Amino acid sequence: MNRPRPTTKRATVHDVAAAAGVSRGTVSRVLNGGYVSPAARAAILAAIAEVGYVPNTAARNLVTQRSQAVGFIVLEPHSLFLEDPNIGAIMLGANAVLSTAEHQMVNLVVDSDRDTERVARYLSGGFVDGAVIVSARVHDPITRVVTDLKLPATFVGHPPDLAQEIPFVGVDNVGSAREITTRLAATGRRRIGMIAAALNRDSGADRLTGFRQGLGDRFDPRLVVEVPLYDYSCGVSGMQTLLERAPDLDGVFAASDVVAAGAIQTLREAGRTVPTDVGVVGFDDSAWARRTNPPLSTVHQPAKEIGARAADLVLRQISGAPVEPGGVLLPTPVVWRGSA
């Protein structure tokens, strides 16, 4: 005859309090992040380990109306989310901060109108306490949803229509693009073009602005090829178009490192050497910059720090701490290697 297995009683806050010799309220303060004396905290943590107490997060969330989760929303194609090391580094930086704060990261990729509707419903359902948002476009529906919900959020980058009260973390794309373009021109290049990616995002549009400023009167709009994405294939096609328009081209600013890698491959196939025939520079200082041959001159974008700062700003909003309006711009030094 099969007998029922004896059940092991789940340890409770009362058990922890009894083992630690403190009140139940003191245990609750520790579990909810409140202040107690160092001695009491040490005793409670030891008691938790002794009795095997596991907090009932679901029940606590019902009481606090918090999910302990933050969305990491990427408004890019699924393939770019996997292939772009810049996005991956931003994600890792954000996750490190959220993990330390005992928050779960929820990855949400928006690649279609259907994705937009699904993510909008998810955010409206209260499944996350806040969001880090990457690659938002001008007039993006997700931006509007976040604004309407008053959801604690931080944007990576600064869409022009972003509400003033929503903070952002980014870099000075205009100034950085201007600086590296000026340096490329200083190497003696006379016909400099640009593969301008993602012009519907602030980063892409601002890098084109910086390129134009860096060349001044030498800027030729016919030497700008627009491509939709920061990806390798766009670098290939963009470089092919540039060579067709200007066979005498001797310099290229690619809007990102991965775009530059595609451009260098196309130049090689066309019989052009880098940097002897054509100098090439990129943007991001990602793994792609060290993978090209020769290694790529580029702008260093501190992607992990951007993600970490963005996550920290979201957590500050969730906790009710004051957050300065406007944005945080992190430094972006030029890293000069062998490609130019």
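Shown above is the structure to which this text applies.
Residues numbered from 1 in each chain as written. Predicted model: local features only at pLDDT ≥ 70, side-chain atom pairs only at ≥ 80, totals over all residues. Heavy atoms only, no water.

A. Quick look at the packing of aromatic side chains. If you walk through the whole model with that rule in mind, you get 4 aromatic pairs. For the pair Phe-211 and Phe-219, a centre-to-centre distance of 6.0 Å together with 75 degrees between the ring planes defines the contact as edge-to-face. Like Phe-219, Phe-211 is buried. The structure contains a cluster of three or more aromatic residues connected by ring pairs, namely Phe-211, Phe-219 and Phe-253. Lying across the ring of Phe-219, Arg-212 places its NZ or CZ 5.1 Å from the centre. (Phe/Tyr/Trp six-rings, centres within 6.5 Å; stacked < 30°, edge-to-face > 60°. Buried < 20%, exposed > 50% of the residue type's maximum accessible area, 1.4 Å probe, protein only. Lys NZ or Arg CZ within 6 Å of the ring centre and 35° of its normal.)

B. Broad picture of the sheet that holds strand S3 (residues 130–134). Ordered by their spatial adjacency, 6 strands build an open sheet running S2-S1-S3-S4-S5-S11, and the pairing between neighbours is parallel. Two strands close off the open sheet at either side, each with one partner strand: strand S2 (104–109) and strand S11 (327–330). Each strand of the sheet is rotated relative to its neighbour by a mean of 20 degrees, with strand direction disregarded. As paired elements, strand S1 (residues 69–74) and S3 share 5 bridges and run parallel to each other. If you follow Gly-71 over to S3, its bridge partner there is Ala-131. (Pairing = 2+ DSSP bridges. Helix = DSSP H or I, 4+ residues; strand = E, 2+ residues; numbered from the N terminus. Axes fitted to C-alpha atoms, helices over the stretch in contact; angles between N-to-C directions.)

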